[in-house]
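# What the coordinates show
Chain residues, written in single-letter form:
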Amino acid sequence: PCVVILDTVKYMPIMKNISSTFALVGVWISLLQALPSAANMRFPTKKINFDRTFINGVRYGMNNRTVLQKLGKPKSSKEVRLCYGKVNRLNYPGIIVDIQRNNQGEFVSGIEVAQQNLGIDGIVKVGDSISLVKKAYSPNIFRANDRSNQWYARPNPSEVSLGFKTNKAGTIVKISIEVGC
């Protein structure tokens, strides 16, 4: 048998460096395990109150009669199939309102504005900078993807969200309230 006897005094500094390195690697692995994986990450939980979020006087969940009282008769309307069902799309100058029907009646399930100076009452409007949206809705604001000009503000991906489409300069060109699918 071959027996190797190390001179412990001579190799002690090397052994200390190796054990320090393993200790650091162990710390890094522990830290990485503590981080949530991309699949388990959650959106921030700060609440966006859609009962108080109005786009030109109309809010998500509003009764159809109230919409007609506020905006009057639409310029046109048509039935549209969306990912969550059929809606009656009401077209007004500068604003589109989707009305969905369920067993409790007809209610607003989506709103979209793309006309200059229309927007979320008292907060942000078409023509404003996306930086204003980031300030108003942080930490709930995120980009659809790295190259997208579409931004969303919502606490959870399956819930209702505010949508903000921008041009290349970062100016808002469209604002919407929409249901996640």
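Note that the coordinates shown come from a computational prediction; the quantities given were computed from them, not determined experimentally.

What counts and how
- Residues numbered from 1 in each chain as written.
- Predicted model: local features only at pLDDT ≥ 70, side-chain atom pairs only at ≥ 80, totals over all residues.
- Heavy atoms only, no water.
- Helix = DSSP H or I, 4+ residues; strand = E, 2+ residues; numbered from the N terminus.
- Buried < 20%, exposed > 50% of the residue type's maximum accessible area, 1.4 Å probe, protein only.
- Contact = heavy atoms within 4.5 Å.
- Areas by Shrake-Rupley, 256 points an atom, 1.4 Å probe, with all protein chains shown as cover.
- Polar contact = N/O pair within 3.5 Å; in protein donor to acceptor, adjacent residues only side chain to side chain.
- pLDDT = per-residue confidence, 0-100.
- Pairing = 2+ DSSP bridges.
- Axes fitted to C-alpha atoms, helices over the stretch in contact; angles between N-to-C directions.
- Salt bridge = Lys/Arg side-chain N within 4 Å of Asp/Glu carboxyl O.
- Phe/Tyr/Trp six-rings, centres within 6.5 Å; stacked < 30°, edge-to-face > 60°.

### A word on the overall build of the protein
A count of helical and extended segments in the protein gives three helices and 12 strands. Counting across all 181 residues of the protein, residues that qualify as buried make up 32%. Within the protein, contacts between residues at least 6 apart in sequence are counted, and of these 44% link residues at least 24 apart. Of the accessible surface of the protein, which amounts to about 12,100 Å², a share of 54% is contributed by carbon and sulfur atoms.

### Things to note about helix α2 (residues 64-71)
Between the side-chain oxygen of the N-cap and the backbone nitrogen of arginine 65 there are 2.6 Å, and the N-cap of α2 in question is asparagine 63. Where α2 terminates, the next one or two residues include glycine 72, which has phi positive at roughly 80 degrees.

### Side note on the confidence of the model for the protein
Of all residues in the protein, 69% attain a pLDDT of 70 or more, and the chain-wide mean is 75. Ranking the elements of the protein by mean pLDDT puts helix α1 (residues 8-34) last with 46 and α2 first with 93. Low pLDDT, under 50, characterises residues 21-46; the stretch is placed with 15 contacts to residues that sit more than four places away or in other chains.

### Comments concerning the sheet that holds strand β3 (residues 76-82)
The strand order across the open sheet formed by eight strands is β3-β4-β5-β6-β12-β11-β10-β9, and the pairing between neighbours is antiparallel. Of all strands in the sheet, those with a lone pairing partner are β3 and β9 (141-143), marking the two edges. Pairs of neighbouring strands in the sheet enclose a mean axial angle of 25 degrees, with direction left out of account. With five bridges connecting them, strand β4 (residues 85-92) and strand β5 (residues 95-102) associate as antiparallel partners. Across the sheet, residue asparagine 88 finds its bridge partner in β5, namely isoleucine 99.

### Points about the pattern of salt bridges
Taken as a whole, this structure holds five salt bridges when the rule is applied. Among the salt bridges present, the one from arginine 89 reaches aspartate 98, with a minimum N-O distance of 2.7 Å. Classification of aspartate 98 as buried rests on a relative accessible area of 7%. Across the pair lysine 125 and aspartate 128 runs a salt bridge whose closest N-O atoms are separated by 3.1 Å.

### Description of the environment of tyrosine 137
One can find tyrosine 137 in helix α3 (residues 130-137). Judged by relative accessible area, tyrosine 137 falls into the buried class, the value being 8%. With 25 residues separating them along the chain, tyrosine 137 and leucine 162 place their C-alpha atoms 9.7 Å apart.

### Quick look at the packing of aromatic side chains
Counted according to the given criterion, the structure contains two aromatic pairs. An angle of 35 degrees between the planes, with centres 6.1 Å apart, marks the rings of tyrosine 137 and phenylalanine 164 as tilted. Of this pair, tyrosine 137 sits in helix α3 while phenylalanine 164 sits in strand β11 (residues 160-166), and the two are 27 residues apart along the sequence. Summarising the burial analysis for this pair, tyrosine 137 and phenylalanine 164 share the class buried. Centroid distance phenylalanine 142 to tyrosine 152: 5.9 Å. Interplanar angle 35 degrees. Geometry classified as tilted. Of this pair, phenylalanine 142 sits in strand β9 while tyrosine 152 sits in strand β10 (residues 150-153), and the two are 10 residues apart along the sequence. By relative accessible area, which is 16% here, tyrosine 152 ends up buried.

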